[in-house]
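Fold and contact review
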Amino acid sequence: MKNAIYKISTVLALGLASLSSCSDDFTNLEPLGSTSYENFFQTEQDAIEAANSLYYYMKDEDMFSRGFFWYINASDDMVTGRINSTADNIKNFNMTGEEGYAYWMYPQSYKIIRRANDILLNVPTMNISESLKNRILGEAYFMRAFHYFWIAHTYGDDNSGGVPIVTEENMLDDAGSYSRPASVTENYAQIVEDLKKAVDLLPLFTEYSADDKGRAHKDAALAYIAKTYLYWAEYDASKYADVVTYADMVTNSGSARSLYDTDNPDEDFRMLHSHLNNWGPEYIWSVVSGVNGGSKLPGVSLENKGWGKYNGWGYYMPTNDLYEEFEAGDYRREVTILKFGDEFKFFGETRKYQSENSLSGLQFNKYLYEYQFEDPIGTYINSNGNDPTTIYNVPLLRYAEVLLMKSEALIMQGLNGDAPLNRVRERAGLAPITNATMEDLKHERRVELAGEFANRHYDLVRWGDAEEIYSKPLYGRIHTDKADPNSPYNIEVIWPARDFDPETMHVWPIPNKVINSSGIPQNKGW
C-alpha cells in the first residue's frame, strides 16, 4: 500500500464519511438509500476506494500516535514526560469520561467498523474480479476485527460487558437500540470469526506488489487471532492452546515471517527499529508512515523542541525502573533507551544525550534512527513539526511478539516455553533460559516490546499484577546539571505510588459523549 493508499484525498474521505452516514458515534446511523450511496459500489474503482478508506484513521493522531498510547502510558515503563494535567489524570486513573485525549479512539473505531460493514454488505454482489473481491472482503473483515480488538479489551470485561457488536446484519437497526454483550468474550468470539474469514480471503504479505504493501494480509490476521485468544484466555484458560496453534500458523504460513537476526546482536535490534526493516521478515502489522503522514509517535516521544533542531513533543519518557529491568549485556537496552552521556547521531551531528526537559532523565531511542542524518527533513522526517512523522513504520505487532505469545501460552498450560522465548533472547545476545517461568516471560515481554503498542499496561492488568506494581512509585535520574551530559545524578521518585482498583480500573471509562448519545451503560465504578 505504501503511502499511496494512505493519501486518500479530502474529497474521497469526506465522500465515504457521508456514504457511511457516520457521525461521532456509531449509533447515530441514518437510513441508507440516498442517491449518492446508491450510485456508489458500482465499479471496481469504487470497491478499491472503499477498501482504501478502511485505513484512513490508522495515521490519525488520536489513534496510533497518541490516542491508545495514553493508556499504555499508564504503565510503569514511562511517565508523561512533561507537565500535562489531562495526561497525568489518565495515568493516575483519575478520569471523568470527559477527557479529550481519550475520546476519539472509541467513535473513530466504530467509523471504520461501519465502513467495513458497508463493504461487506455491498461488495459481494458487485461485478468485479473474484480475486479483487476476495481481497477487499478480507480487508474489511480484518479491519473490522482489528478495531474491535482495540476497543474490546480497552473498554470491555465480563462485569460491565463488552462493546456493542455492529455488523452488516444489524447495522440498519434503529439508533440507540444497540446494547453491550454480557461479556467481552462475545467480542473476542466475533473478532476471531472475522479474522478467520480474513485468513481465507487475504493473500500472504509476500504476494502483494510494492504498491499494496501495508494492506491487511493473511499473516496479520493469523497473528491477531493468536493475540485475541491470549486476551480471551484471561477468562477461559482453554484458549491458550489456540494461541499456540495460531502462532505456529504465522510461522508456517509460507511468507517466511521470522526474527530479523543476522547473528550481529550489537546491530540487529537497532536495524530492526528503522525504516530499513519496514517490510522485513519481522513485519506483521504497523502504521504505514512517511514524510507526509503516519504515526507521530517518533516525534511525540522526541525531546521537547528537539534540541533546537526539530519540534519534538517531549512525551512518554522511560523510567529508570524500565532501564534497570534489562540484564547486563542485553544489546536491546541502548537501542531502547538513551541515558545522559550516551552518544547518538542527530541531524548529522554526534551528540551526547542530555535533557533539560525529560522528567525521568531518559529518552526512548527506538524511534530515533531517522533523525540521525545531516538533512533529514523532507527525506526521512516530516517537514511539519506539528505532524512529526518519519519514514519508519511504527510497529503494532511484530513477529517477536508472536514468539512471546506462544511461549506464554505454553508456560500457562504447564508446558515448556523455552524455545520461542530463547529465540528472542538469543537475538539480543543473551544466554538461553532453561525451564522458563512466567516471571521470565514477563521480563522478556517488557524489555523486548518496551515503548511499543504491545501494551505493557494491559499485560499488567491481565496478569493480575497492576495493583501491586502501581502501588510503588516510579523513579528517574535527576541530574545536578541537566545541560551537562556528564553530570552526576540521583535516583529520585518522579511519579508517586497510585491507587489501582482491579475491580474497576482494569478497563477504562467509555467517553461520556458516547454514553449520552448511545444509551449504553458506563463501565462500573467510573
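Here is a short report on the structure shown in this document. (Residues numbered from 1 in each chain as written. Predicted model: local features only at pLDDT ≥ 70, side-chain atom pairs only at ≥ 80, totals over all residues. Heavy atoms only, no water.)

Here we take up the overall build of the protein. A tally of helices and strands in the protein yields 22 helices and 10 strands. On C-alpha atoms alone, the protein measures out to a radius of gyration of 22 Å, which is about the 24 Å that the 2.2 N^0.38 rule sets for 526 residues. The buried share of the protein, taken over its 526 residues, is 64%. Summed over all atoms, the accessible surface of the protein reaches about 18,600 Å², with 46% contributed by carbon and sulfur. (Helix = DSSP H or I, 4+ residues; strand = E, 2+ residues; numbered from the N terminus. Rg over C-alpha atoms; globule rule 2.2 N^0.38 Å. Buried < 20%, exposed > 50% of the residue type's maximum accessible area, 1.4 Å probe, protein only. Areas by Shrake-Rupley, 256 points an atom, 1.4 Å probe, with all protein chains shown as cover.)

Another aspect to go through is helix H18 (residues 418–427). Of all 10 residues in H18, 7 are buried; the element is thus mostly enclosed. The complete set of buried residues in H18 reads Asp 418, Pro 420, Leu 421, Asn 422, Val 424, Arg 425 and Arg 427. The elements touched by buried residues of H18 are helix H13 (265–272), helix H16 (332–336), strand S8 (394–398), helix H17 (399–412) and helix H19 (438–448). Just downstream of H18, Gly 429 is the residue with a positive phi angle, here 85°. (Contact = heavy atoms within 4.5 Å.)

What follows is about the layout of surface pockets. Of the pockets and cavities examined, the largest pocket occupies roughly 280 Å³. Asp 76, Glu 325, Arg 446, Arg 456 and Ile 469 are, among the 16 residues lining the largest pocket, the residues nearest its centre. Among the secondary structure elements, those contributing two or more residues to the lining of the largest pocket are helix H15 (320–325), H19, helix H20 (456–463) and strand S9 (474–479). Tallying contributions element by element places H19 first for the lining of the largest pocket, with 4 residues. Counted by class, the lining of the largest pocket contains 6 nonpolar, 1 polar and 9 charged residues. The wall of the second largest pocket is formed by Arg 270, Glu 334, Val 335, Leu 338, Asp 342, Glu 343, Phe 344, Lys 345, Asn 365, Leu 368, Tyr 369 and Gln 372. At the level of secondary structure, the elements contributing two or more residues to the lining of the second largest pocket comprise H16 and strand S5 (343–346). At 3 residues, the largest contribution of residues to the lining of the second largest pocket is made by S5. (1 Å grid on protein atoms, 1.4 Å probe; cavity = no way out; pocket = protein on both sides within 12 Å on 5 of 7 lines; lining within 4 Å. Points joined across faces, edges and corners; volume = space filled by probe spheres on them. Nonpolar A, V, L, I, M, F, W, Y, C, P; charged D, E, K, R; others polar.)

We now examine the environment of Arg 135. By the secondary structure assignment, Arg 135 is in helix H9 (residues 130–155). Overall, the relative accessible area of 12% leaves Arg 135 in the buried class. Placed 87 residues apart in sequence, Arg 135 and Ile 48 show a C-alpha to C-alpha distance of 9.7 Å. Here Arg 135 is in contact with Leu 201, Leu 202, Pro 203, Tyr 208, Asp 212 and Arg 215, once residues within four sequence places are set aside.

This part is about the side chain of Thr 80. Tracing the sequence through the fold places Thr 80 in the loop between strand S1 (78–79) and helix H7 (85–91). What makes Thr 80 buried here is its relative accessible area of 0%. Only 3.1 Å separates the side chain of Thr 80 from the side chain of Asp 88, close enough to count as a polar contact. If near-sequence neighbours (up to four positions away) are discounted, Thr 80 is found in contact with Trp 70, Asn 73, Ala 87, Asp 88, Lys 91, Gly 314, Tyr 315, Tyr 316, Met 317 and Trp 495. (Polar contact = N/O pair within 3.5 Å; in protein donor to acceptor, adjacent residues only side chain to side chain.)

So, on to the packing of H18 against H19. Close contact between H18 and H19 brings their axes to 11 Å; oriented N to C, the two are set at 40°. It follows that H18 is oblique to H19 by the angle criterion. As H18 runs across H19, the sense of the crossing is left-handed. Contacts between H18 and H19 pair Leu 421, Val 424, Arg 425 and Arg 427 from the former with Asp 440, Leu 441, His 443, Glu 444 and Glu 448 from the latter. Counted by class, the contact of H18 with H19 contains 3 nonpolar, 1 polar and 5 charged residues. (Axes fitted to C-alpha atoms, helices over the stretch in contact; angles between N-to-C directions. Parallel < 35°, antiparallel > 145°, perpendicular 65-115°, else oblique. Left-handed = near helix turned anticlockwise from the far one by under 90°.)

This part is about the packing of aromatic side chains. Applying the stated criterion across every chain, the model contains 51 aromatic pairs. Considering the side-chain rings of Phe 64 and Phe 146, the 5.5 Å spacing of their centres and the 40° angle between planes classify their relative orientation as tilted. On the criterion of sequence distance, the pair formed by Phe 64 in helix H5 (residues 61–64) and Phe 146 in helix H9 is long-range, its members being 82 residues apart. Residue Phe 64 is classed as buried on the basis of its relative accessible area, which comes to 1%. Taking the relative accessible area as the measure of exposure, Phe 146 reaches 2% and is therefore buried. Here the aromatic rings of Tyr 229 and Tyr 246 are separated by 5.9 Å at their centres, their planes lie at 35°, and the arrangement is tilted. Taken together, the positions of Tyr 229 in helix H11 (residues 218–232) and Tyr 246 in helix H12 (residues 240–251) put the pair 17 residues apart, joining distant regions of the chain. Of note, Lys 239 hangs over the ring of Trp 232, and the distance from its end group to the ring centre comes to 4.2 Å. (Phe/Tyr/Trp six-rings, centres within 6.5 Å; stacked < 30°, edge-to-face > 60°. Lys NZ or Arg CZ within 6 Å of the ring centre and 35° of its normal.)

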